[in-house]
Amino acid sequence: DKQKCDIVMDLDSLLRELGFFELIRTLTFNEKLVFFLLYIKDFKIVEIAKIVGATERTIHNRKKSMQEKIERMKGEINNE
């Protein structure tokens, strides 16, 4: 659990440096964990499921949820 917290804190720091404050507020802890492992560390869904102790379906759902949130956020930025 400490490693998971460290990963999410590292991702928050990276997003803060990039100015993605809304993304920090929008994504849940678990979505941030999946985001980091999927996009930063390039793990596969099956590997992430084993690492976080969840089913592959759960990881797919978290991925879909965060992608929808990111798309919604992009739309809001484009409309400003």
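Let me sum up the structure you'll find in this document. Computed from a predicted structure; not experimentally measured.

The rules behind the values
Residues numbered from 1 in each chain as written. Predicted model: local features only at pLDDT ≥ 70, side-chain atom pairs only at ≥ 80, totals over all residues. Heavy atoms only, no water. Helix = DSSP H or I, 4+ residues; strand = E, 2+ residues; numbered from the N terminus. Buried < 20%, exposed > 50% of the residue type's maximum accessible area, 1.4 Å probe, protein only. Patch = residues over 30% accessible without salt bridge, like charges linked within 9 Å, V, L, I, M, F, W, Y side chains within 5 Å. Areas by Shrake-Rupley, 256 points an atom, 1.4 Å probe, with all protein chains shown as cover. Salt bridge = Lys/Arg side-chain N within 4 Å of Asp/Glu carboxyl O. Axes fitted to C-alpha atoms, helices over the stretch in contact; angles between N-to-C directions. Parallel < 35°, antiparallel > 145°, perpendicular 65-115°, else oblique. Contact = heavy atoms within 4.5 Å. Nonpolar A, V, L, I, M, F, W, Y, C, P; charged D, E, K, R; others polar.

A look at unusual backbone geometry
Then, number 1: The backbone phi angle of aspartate 42 is positive, close to 65°, even though this residue is not glycine.
Then, number 2: Structurally, aspartate 42 can be placed in the loop between helix 3 (29-40) and helix 4 (45-52).
Then, number 3: Here aspartate 42 falls in the exposed class, since its relative accessible area comes to 63%.

Describing a nonpolar patch on the surface
Then, number 1: A cluster of nonpolar side chains, Leu14, Leu18, Phe20, Tyr39 and Ile40, forms an exposed patch at the surface whose accessible area comes to about 460 Å².
Then, number 2: For the nonpolar patch, the secondary structure elements donating two or more residues are helix 1 (2-18) and helix 3.
Then, number 3: Structurally, the position occupied by tyrosine 39 is in helix 3.
Then, number 4: Overall, the relative accessible area of 40% leaves tyrosine 39 in the partly exposed class.

A closer look at the packing of helix 1 against helix 3
Then, number 1: At a minimum axis distance of 9 Å, the contact between helix 1 and helix 3 shows a crossing angle of 75°. Put simply, helix 1 runs roughly perpendicular to helix 3. For the pair helix 1 and helix 3, the contacting residues are Lys4, Cys5, Ile7, Val8, Leu11, Asp12 and Leu14 in the first and Phe29, Lys32, Leu33, Phe35, Phe36, Leu37 and Ile40 in the second.
Then, number 2: Among the residues forming the contact of helix 1 with helix 3, the class breakdown is 11 nonpolar, no polar and 3 charged.

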